[in-house]
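Coordinate inspection notes
If you want the building blocks of each chain, they are given just below.
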Amino acid sequence: VQLQASGGGLVQAGGSLRLSCAASGRTFSSYVMGWFRQAPGKEREFVAAISYYGGRTKYADSVKGRFTISRDNAKNTVYLQMNSLKPEDAAVYYCAADEGAIVTTAPSTYDSWGQGTLVTVSS
């Protein structure tokens, strides 16, 4: 599956952004989808993930209550709604697809990755 992330940009602290990740190729609903982020000088970290039909989600503790992951299988798209953004949320955000059946947080379990979209949060 090919993934294309979009929606990043510059936002003030406390603001909101919605990231989108469009998929093409194999049946989108057969993938667990995840969002990860990587800040300069840091390792890639898990943000959120969602099961095939959206019934199960997982979030990093740092984003719980502020970020929401969702998907629209008819549009082959997964979203990340980010509210109450903080300067520490600034990073390149990547979407990823996992052919497995379990919603996981480890980057190594994801098979396909998008190119990343940059989120900058000003204080």
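Everything below is about the structure printed above this text.
Attention in this report is confined to the structure presented alongside it. This is a predicted model, so every value here is computed, not measured.

Quick word on the packing of aromatic side chains
Summed over all chains, the structure comprises 4 aromatic pairs. Consider the rings of Phe-36 and Phe-46, whose centres lie 5.7 Å apart with planes at 75°: the pair is edge-to-face. With a gap of 10 residues between them, Phe-36 in strand β4 (residues 32-38) and Phe-46 in strand β5 (residues 45-50) connect regions that are remote in the sequence. Exposure remark for Phe-46: the relative accessible area of 13% places this residue in the buried category.

Some thoughts on unusual backbone geometry
For Asn-76, which is not glycine, the phi torsion reads 55° and is therefore positive. The exposure class of Asn-76 is partly exposed, given its relative accessible area of 29%. Unlike most non-glycine residues, Ser-84 shows phi in positive territory, near 50°. In this structure, Ser-84 sits in the loop between β8 (77-82) and β9 (91-98).

Focus: the pattern of salt bridges
Following the criterion strictly, the structure yields 4 salt bridges and no others. With its nearest N and O atoms 2.9 Å apart, the salt bridge here joins Arg-37 to Asp-89. Taken as a pair, Arg-37 in strand β4 and Asp-89 in the loop between β8 and β9 lie far apart in primary sequence, 52 residues in all. Since its relative accessible area comes to 6%, Arg-37 is described here as buried. Of the charged contacts, one joins Asp-89 and Arg-66 as a salt bridge, the two residues approaching to 2.7 Å between their closest N and O atoms. Taken as a pair, Asp-89 in the loop between β8 and β9 and Arg-66 in the loop between β6 (57-59) and β7 (67-72) lie far apart in primary sequence, 23 residues in all. One exposure class covers both Asp-89 and Arg-66, and it is buried.

Considering the state of the cysteines
Under the criterion given, the structure shown has 1 disulfide. Covalently, Cys-21 is tied to Cys-95 through a disulfide, its sulfur atoms 2.1 Å apart. Its torsion about the S-S bond being 60°, the disulfide of Cys-21 and Cys-95 is classed as right-handed. Of this pair, Cys-21 sits in strand β3 (residues 17-24) while Cys-95 sits in strand β9; the two residues are 74 residues apart in sequence, bridging distant segments of the chain. Residue classification places Cys-21 among the buried positions, given a relative accessible area of 0%.

Side note on the nonpolar core
If you look at soluble globular proteins, the nonpolar side chains tend to sit buried side by side. Counting residues in hydrophobic clusters, the biggest one holds 37 residues, and the most contacted among them are Met-33, Trp-35, Leu-80, Met-82 and Tyr-93. For this core, the secondary structure elements donating two or more residues are β1 (2-6), β3, β4, β5, β7, β8, β9 and β11 (117-122). Dropping the residues within four chain positions of it, Tyr-93 is found in contact with Leu-19, Trp-35, Phe-36, Arg-37, Val-47, Phe-67, Leu-80, Met-82, Gly-116, Thr-117 and Val-119.

The rules behind each value
- The residue numbering used here restarts from 1 in each chain and proceeds along that chain's sequence as written.
- The predicted nature of this model means local features are confined to residues of pLDDT at least 70 and side-chain atom pairs, given and counted, to a pLDDT of 80 or more, with totals for whole chains, interfaces and linings taken over all residues.
- Side-chain numbers come from the whole structure's heavy atoms, not from hydrogens or water.
- Working definition: rings of Phe, Tyr and Trp (its six-membered ring) pair if their centres are within 6.5 Å, and the pair is stacked with planes under 30 degrees apart, edge-to-face with planes over 60 apart, and tilted otherwise.
- Note on conventions: DSSP H or I runs of at least 4 residues are helices, E runs of at least 2 residues are strands, and numbering of each starts at the N terminus.
- Relative accessibility thresholds used throughout: buried, under 20% of the residue-type maximum; exposed, over 50%; partly exposed, between the two (1.4 Å probe, protein chains only).
- One side-chain nitrogen of Lys or Arg within 4 Å of one carboxyl oxygen of Asp or Glu is enough to make a salt bridge.
- Cysteine sulfur atoms that come within 2.5 Å of each other are treated as a disulfide pair.
- Only buried Ala, Val, Leu, Ile, Met, Phe, Trp, Tyr and Cys residues count toward a nonpolar core, and they belong to the same one when joined by side-chain atoms within 4.5 Å.
- In this description, contact between two residues means that some pair of their heavy atoms is separated by no more than 4.5 Å.

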